[in-house]
Amino acid sequence: MGGDDVILQVVTGSRAYGLDTPESDTDRRGVFVVPTPEFWRLDKPPTHRDGPLPEQFSWEVERFCVLALQANPTVLECLWSPLVELATPSGERLLGLRDAFVSERARQSFLEYAQAQCKRLDPERPRWKQAMHMIRLLLSGLHLLEHGSPLVRVGGHRDRLLAIRRGEVPWAEVEAWRARLAAQAATASSVLPAVPDRKAVEEFLMDVRRENL
């Protein structure tokens, strides 16, 4: 399913969010480790790859850590996915380190990602699935600020989010919810540290590189 070099593989997307329907794909995201000597060459190893399964994408461990330190929403949510399919001892350590990645930077990153999605939506002909995920992203970011972890499983928001996906919620109502969540996220008191724990992450990465010499 993953590969000999995979240390972590999780299910993300609608199945992890609790928004799946019978037609939903199974989105998988993973973390793999390139043997350390490969970095000594002039041609560097890949930072990511697709497959081998449909809807599967993986990052090399260093790239994953860099993106997580930057509060990339997609990457952070991998660390809190409730559906972990594979975790080696290094993968378990990575999951145990997830709090080291989060910081106040998440406020900006989640808001920017949601704003980018909003700009791509045409109010006259909304793509309702995209609109649903825009709202979900804001809910996730707000939860991260207030509780220290992104809201992956949407719980009680499921019915309303799926109604948006089906196009049953007027655009004006969707936009009002988006604006309210964005305003909350912009001003919410945060439990997150000002900066991530780069030292802890770097120690983990160096250990992984030593183990793969």
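Residues numbered from 1 in each chain as written. Predicted model: local features only at pLDDT ≥ 70, side-chain atom pairs only at ≥ 80, totals over all residues. Heavy atoms only, no water.

Caption draft 1: Spatial organisation of the packing of aromatic side chains. In this structure the tally under the stated criterion is three aromatic pairs. Grouped by ring-pair contacts, the aromatic residues Phe57, Trp59 and Phe64 constitute a single cluster. If you follow Arg49 out to its NZ or CZ, it ends over the ring of Phe32, 4.0 Å from the centre. Across from the ring centre of Tyr17, 3.7 Å away, lies the NZ or CZ of Arg136, which sits over that ring. (Phe/Tyr/Trp six-rings, centres within 6.5 Å; stacked < 30°, edge-to-face > 60°. Lys NZ or Arg CZ within 6 Å of the ring centre and 35° of its normal.)

Caption draft 2: Spatial organisation of the sheet that holds strand S2 (residues 27–32). Reading across the sheet, the five strands line up as S3-S4-S2-S1-S5 and stay open at both edges, with mixed pairing between neighbours. Lying at the two open borders of the sheet, with one neighbouring strand each, are strand S3 (48–50) and strand S5 (84–87). If you compare each strand with its neighbour and ignore which way they point, the axes differ by 15° on average. Relative to S2, strand S1 (residues 6–12) is paired through six bridges, and the arrangement is antiparallel. For Val11, the partnering residue across the bridge sits in S2 and is Arg28. Packed on one face of the sheet, helix H4 (residues 89–96) meets S1, S2 and S5 and runs near 55° to S1. (Pairing = 2+ DSSP bridges. Helix = DSSP H or I, 4+ residues; strand = E, 2+ residues; numbered from the N terminus. Axes fitted to C-alpha atoms, helices over the stretch in contact; angles between N-to-C directions. Contact = heavy atoms within 4.5 Å.)

Caption draft 3: Region of the structure containing the pattern of salt bridges. With the rule as written, the count across this model stands at 13 salt bridges. Residue Asp20 pairs with Arg15 through a salt bridge whose shortest N-O separation is 3.7 Å. We classify Arg15 as partly exposed; its relative accessible area is 26%. Across the pair Glu85 and Arg28 runs a salt bridge whose closest N-O atoms are separated by 2.7 Å. (Salt bridge = Lys/Arg side-chain N within 4 Å of Asp/Glu carboxyl O. Buried < 20%, exposed > 50% of the residue type's maximum accessible area, 1.4 Å probe, protein only.)

Caption draft 4: Spotlight on the state of the cysteines. Under the defined criterion, the tally for this structure stands at zero disulfides. Not engaged in a disulfide, the cysteine Cys78 finds its nearest cysteine sulfur in Cys65; these two sulfurs lie 12 Å apart. (Disulfide = S-S within 2.5 Å.)

Caption draft 5: Main features of the packing of helix H7 (residues 128–147) against helix H9 (residues 171–187). Between H7 and H9, whose axes approach to 9 Å, the crossing angle comes to 20°. It follows from the interaxial angle that H7 and H9 lie roughly parallel. Considering only the axes of H7 and H9, their crossing is left-handed. Facing Trp128, Ala131, Met134, Ile135, Leu138, Leu139, Leu142 and Leu145 of H7, the residues of H9 in contact are Trp171, Val174, Trp177, Arg178, Leu181, Ala182, Gln184 and Ala185. A per-class count over the contact of H7 with H9 returns 14 nonpolar, one polar and one charged. (Parallel < 35°, antiparallel > 145°, perpendicular 65-115°, else oblique. Left-handed = near helix turned anticlockwise from the far one by under 90°. Nonpolar A, V, L, I, M, F, W, Y, C, P; charged D, E, K, R; others polar.)

Honestly, it's all geometry; don't read function into it.
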